[in-house]
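# Per-entry structural report
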Amino acid sequence: MRENLHRFFRAARGAGVHVSPAESIDAMRAVAKVGFEERGILRDTLLLTLAKSEDEKKSLGACFDLFFSQPEPSQPKDADNENGAANENQALGNQGAQPAGGQSQNLGPLAQMLLAQDTAQIAAAIANAASAAGLSDIRYFTQRGLFSSRILEQMGIARLNDDLDALTAANPALAERLTAATDALRESVRDRVSQALLLFGREEAENLRNEILRNAPLGRIEPRQIEEMRALIRQMARRLRERFSKPRKRQRRGHLDVRRTLRKNAAWGSVPFITAWKRKHRDKPKIVALCDVSGSVARVSDFFLLLIHSLHEVVSDVRSFAFSGHLIEVSDILESKSADEAMHDIMGKVGFGSSDYGSSFADFERQWMESVTPQTTVIVLGDARSNNLDPGADIIKRISERSKRLVWLNPEGRMTWGWGDSEMPRYATFCNLVRQCATAQQLERAVSDIVSAYQ
């Protein structure tokens, strides 16, 4: 059971439950006290020692139910009637008896077990073979056939096939029964492998899905993938918070000032009872985000705003604006509403219109230009297509002069910049950084570079 518990901890981690080595030791000690006899008590014990939130409790409970539920061995579809099967099973169980023309004494152990239809014995044999085949190492759905074959080999499928060939010629009726039992065995093994894939392959499957999403164009995300992408964006935000909050904690303390430390401790022979630190004040990033929410860029802006406003521990002040034909501030909407409600509200006010960069930049300069200070990073997210209207490049120049940095994130490929009504080359003249930002991975890198400039 100790090995089973180790496999259960691995399955729990794949289900999204954080299980540290110390927590796994505590859980094993608790299980040693309550024992394994009562399934309900064992379940409650693991939930109490491992789950740290309601979500983890639900995930761990579902994982426990799946892990400790053993699929029932499938019954042969073409089995004889119950009386005939019982008589045959009794005959096969008596050593020295030779039913069916004296063929049973020449059969291998797997064939005799299948003909006896002892479900408990079959289930135990599958479990032992699965353990010997390393079924807990399964990670991808493409490995189902491989592990099914390994389990059957461990059970003795080669000898079973030889027995079937011999019985087909000597006793066709018994061969038919054994064939049906073999098909049922293969189905039971497939069920066991599918169960293991759900338990142990969940984490790898999620990582593969996230990797695909990270590199998928944000503007082409299907509606059914929006929630998955938002969950991925929140993971990115958490990773960025963890990355940039730790250096900041060290910076609060500063670096050891050796000279001042020695002077303060001169009375004790320079033994450093009192330490002195060099501290350098660093401001948290202040960000002003101007996001194009016209039809071609709206989805990218949705995810960008979600990411920026999730970095509240790293970014002290974020003011967000959305525009297409005109510009409005959307900071309060994003702070007070859910992602779906916020974007629906924003799109209802300024979304899906025809882009007019000049007019939108003029709105910003007229009403909110004072929010741009020498400590502010201004981020513009848009495709820079002005529909042959005034691009307002002179306003972008003035914003660049007032701000610490001006960053432009463009979801279009670099090869299209400057073609048609694209004004990207003119805007790029006044920007400190210009990045293509079409995927979640590019978005994360861009935001990481912006925040790291303040570290």
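This text follows the structure it describes.
Below is a short write-up of the structure. (Residues numbered from 1 in each chain as written. Predicted model: local features only at pLDDT ≥ 70, side-chain atom pairs only at ≥ 80, totals over all residues. Heavy atoms only, no water.)

Turning our attention to the packing of aromatic side chains. Applying the stated criterion across every chain yields a total of 17 aromatic pairs. Taking 6.0 Å as the distance between ring centres and 85° as the angle between the ring planes, the aromatic pair formed by phenylalanine 8 and phenylalanine 64 counts as edge-to-face. Remark: phenylalanine 64 occurs in helix α4 (residues 54-67) and phenylalanine 8 occurs in helix α1 (residues 2-14); sequence separation between them is 56 residues. In this pair, the class of phenylalanine 8 matches that of phenylalanine 64, namely buried. Geometrically, the ring pair formed by phenylalanine 8 and phenylalanine 67 is edge-to-face, given 5.6 Å between the ring centres and 70° between the ring planes. Here phenylalanine 8 is found in helix α1, whereas its partner phenylalanine 67 is found in helix α4, with 59 residues between them in sequence. With a relative accessible area of 0%, phenylalanine 8 lands in the buried category. Among the residues examined, phenylalanine 67 registers a relative accessible area of 10% and is labelled buried. Taken together, the ring pairs connect Phe8, Phe9, Phe64, Phe67, Phe68 and Phe200 into an aromatic cluster. (Phe/Tyr/Trp six-rings, centres within 6.5 Å; stacked < 30°, edge-to-face > 60°. Helix = DSSP H or I, 4+ residues; strand = E, 2+ residues; numbered from the N terminus. Buried < 20%, exposed > 50% of the residue type's maximum accessible area, 1.4 Å probe, protein only.)

Of note in the backbone geometry, glutamine 117 takes a positive phi value of approximately 55° without being a glycine. As for its position among the elements, glutamine 117 is in the loop between α7 (109-116) and α8 (119-132). Since its relative accessible area comes to 22%, glutamine 117 is described here as partly exposed.

Another point: the pattern of salt bridges. Taken as a whole and assessed by the stated rule, the structure comprises 19 salt bridges. For the salt bridge of arginine 230 with glutamate 227, the shortest nitrogen-to-oxygen distance reads 3.4 Å. Taken together, the positions of arginine 230 and glutamate 227, both in helix α13 (residues 226-253) and three residues apart, correspond to about one turn of that helix. Residue classification places arginine 230 among the buried positions, given a relative accessible area of 3%. Residue glutamate 227 is classed as partly exposed on the basis of its relative accessible area, which comes to 44%. Connected via shared salt-bridge partners are Glu23, Lys52 and Glu56. (Salt bridge = Lys/Arg side-chain N within 4 Å of Asp/Glu carboxyl O.)

Further remarks concern the sheet that holds strand β4 (residues 317-323). Strand order across the open sheet formed by six strands is β5-β4-β3-β6-β7-β8, with mixed pairing between neighbours. Among the strands making up the open sheet, the edge pair consists of β5 (327-329) and β8 (433-436). The average undirected angle you get between the axes of adjacent strands in this sheet is 20°. For strand β7 (residues 405-410) and β8, the ladder comprises four bridges, and the chain directions are parallel. Paired with leucine 409 across the two strands is arginine 435, which belongs to β8. Against the sheet, helix α18 (residues 357-368) makes contact with β3 (286-292), β4, β5, β6 (376-381) and β7, and its axis sits at roughly 40° relative to β5, the strand it touches most. (Pairing = 2+ DSSP bridges. Axes fitted to C-alpha atoms, helices over the stretch in contact; angles between N-to-C directions. Contact = heavy atoms within 4.5 Å.)

Glancing now at the pairing of β3. As a general feature of sheets, a regular strand has side chains that alternate between the two faces. Extensive coverage of β3 is indicated by the burial of six of its seven residues. When β3 meets β4, the two strands line up parallel, connected through seven bridges. In the sheet register, lysine 286 faces β4, and the bridge partner there is aspartate 317. For β3 and β6, the ladder comprises six bridges, and the chain directions are parallel. Looking at the pairing, lysine 286 lines up with threonine 376 of β6.

So, on to the nonpolar core. Nonpolar side chains tend toward joint burial in soluble globular proteins. Ranked by internal contacts, the top residues of the largest apolar core, which has 54 residues, are Phe8, Phe9, Leu46, Ile151 and Leu185. For this core, the leading source of residues is helix α11 (residues 172-200), giving eleven residues. When neighbours within four sequence positions are excluded, isoleucine 151 is seen to be in contact with Ile126, Ala129, Ala130, Ala133, Leu135, Val189 and Val193. (Core = buried A, V, L, I, M, F, W, Y, C linked by side-chain atoms within 4.5 Å.)

Turning next to helix α2 (residues 21-34). In this model, α2 (14 residues) spans 20 Å end to end at C-alpha, consistent with the 20 Å of a helix rising 1.5 Å per residue. Among all positions in α2, only Glu23, Ser24, Ala27, Met28 and Val31 are buried. The buried side chains of α2 occupy one side of the element, clustering within an arc of 140° when seen end-on. Facing away from the buried side of α2, by more than 90 degrees, are the exposed residues Arg29, Ala32 and Lys33. If you follow the buried residues of α2, they end up packed against α1 and α3 (39-50). Trailing α2 by a residue or two, glycine 35 shows a phi angle of about 85°, which is positive. (Expected span 1.5 Å × (residues − 1). Arc of directions from axis to C-beta.)

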